[in-house]
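Architecture at a glance
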Amino acid sequence: MTGSRARRKTSRERACLCAVVAGAMLFPAACGAAGPSSPFSGYGRRGAEVWVEVPRYTVPIGEAYVNEYRIENGWGFGFGLMFGFTDVLALEVRVVQSNHEVIATGETWDLDHAFVGARYTFSPEEDLQPFVSVGGVRLALEQDMELESSSEFRRATGYGGFVSLGFDRIITPRLVLTIRGDYYVMAFSREFVGTDEHDFEGESRGDGAGISFSLGYRVPTW
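First, a word on scope: everything that follows refers to the structure included in this document. (Residues numbered from 1 in each chain as written. Predicted model: local features only at pLDDT ≥ 70, side-chain atom pairs only at ≥ 80, totals over all residues. Heavy atoms only, no water.)

1. Re the overall build of the protein
Tallying secondary structure elements over the protein gives 1 helix and 9 strands in all. Counted from the first residue to the last, the protein has its helices and strands arranged as α-β-β-β-β-β-β-β-β-β. At a minimum sequence separation of 6, the contacts of the protein that also span at least 24 residues come to 64%. With an accessible surface of roughly 12800 Å², the protein has 63% of that area assigned to carbon and sulfur atoms. (Helix = DSSP H or I, 4+ residues; strand = E, 2+ residues; numbered from the N terminus. Contact = heavy atoms within 4.5 Å. Areas by Shrake-Rupley, 256 points an atom, 1.4 Å probe, with all protein chains shown as cover.)

2. Description of the pairing of strand 2 (residues 74-84)
Side-chain alternation along strand 2 places Gly74, Gly76, Gly78, Gly80, Met82 and Gly84 on a buried face and Trp75, Phe77, Phe79, Leu81 and Phe83 on a face that remains uncovered. Two strands pair when backbone bridges link them, and strand 1 (residues 47-60) and strand 2 are joined in this way by 10 bridges, in the antiparallel orientation. Residue Tyr57 lies in a different strand from strand 2, and its bridge partner there is Trp75. Two strands pair when backbone bridges link them, and strand 2 and strand 3 (residues 89-101) are joined in this way by 10 bridges, in the antiparallel orientation. Counterpart to Trp75 in the pairing with strand 3 is Asn99. What sits between the antiparallel neighbours strand 2 and strand 3 is a turn of 4 residues. (Buried < 20%, exposed > 50% of the residue type's maximum accessible area, 1.4 Å probe, protein only. Pairing = 2+ DSSP bridges.)

3. Some details on the side chain of Ser214
Looking at the secondary structure, you find Ser214 in strand 9 (residues 208-218). Here Ser214 is in contact with Trp51, Val52, Glu53, Val176, Leu177 and Thr178, once residues within four sequence places are set aside.

4. Side note on the packing of aromatic side chains
How two aromatic rings sit relative to each other is set out by the distance from centre to centre and by the angle between their planes. Within the structure shown, the criterion is met by 7 aromatic pairs. Aromatic pair Phe115 and Tyr184: ring centres 6.3 Å apart, planes at 65°, arrangement edge-to-face. Placement of Phe115 in strand 4 (residues 108-121) and of Tyr184 in strand 7 (residues 175-193) is noted, with a sequence separation of 69 residues between them. Pair check on accessibility: Phe115 and Tyr184 agree, each one buried. Taken together, the ring pairs in this structure connect Phe115, Phe162 and Tyr184 into an aromatic cluster. Over the ring of Phe115 we find Arg94; its NZ or CZ atom is 4.6 Å from the centre of that ring. (Phe/Tyr/Trp six-rings, centres within 6.5 Å; stacked < 30°, edge-to-face > 60°. Lys NZ or Arg CZ within 6 Å of the ring centre and 35° of its normal.)

5. Remarks on the nonpolar core
Counting residues in each nonpolar core, the largest one holds 18 residues, and the members touching the most others are Tyr65, Leu111, Leu139, Leu141, Tyr184 and Phe188. Not counting the four nearest positions on each side in its chain, Leu141 is found in contact with Tyr65, Tyr69, Ile71, Trp109, Asp110, Leu111, Arg154, Arg155, Ala156 and Phe188. (Core = buried A, V, L, I, M, F, W, Y, C linked by side-chain atoms within 4.5 Å.)

These figures capture arrangement, not role.
This is the structure in structure tokens:
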């Protein structure tokens, strides 16, 4: 009898333990099902996002922008692509162009930026998400040629690095508004005049800064 009662007690203890474990496992799921779902739970930052940047305002501040390269601040636009490996870590690529007037001649020159970098997003569970991005930039300063122009095409190119800070405002599980500021340091290394290519002459620093607004779209994944 004693052995039988001990076996029944052990069986009841095992049953109670199983019930507790099962309850502990099911309780969070039950609470999540009972509570309202987050409006951003379907967004996430994993996968691909594309966006258009407009307007873009660029401020050239490097020493290269003097004399014949002295240009005003300019407006422009751009496009971007981001691929999120996690909700906080992503790779992004941006191509941005801005138009600038040469102070001495009134000609129009373009600053073409190509940014490639890593991006870290803070507070991915919130609707307002700060982020920081760092990486490399290729910059080209080129003359905006008119069809009837008889002058030779000119362009200067170089490489450097950038840092970007901004905020994402999640609108829907598919759309996001962004404001971001960039600062980049670089040096022009090559210059093209017509079909001739040679080393850039004079002060080469082509540093600059810019601010952009953009509307992004999260590409659905299946």
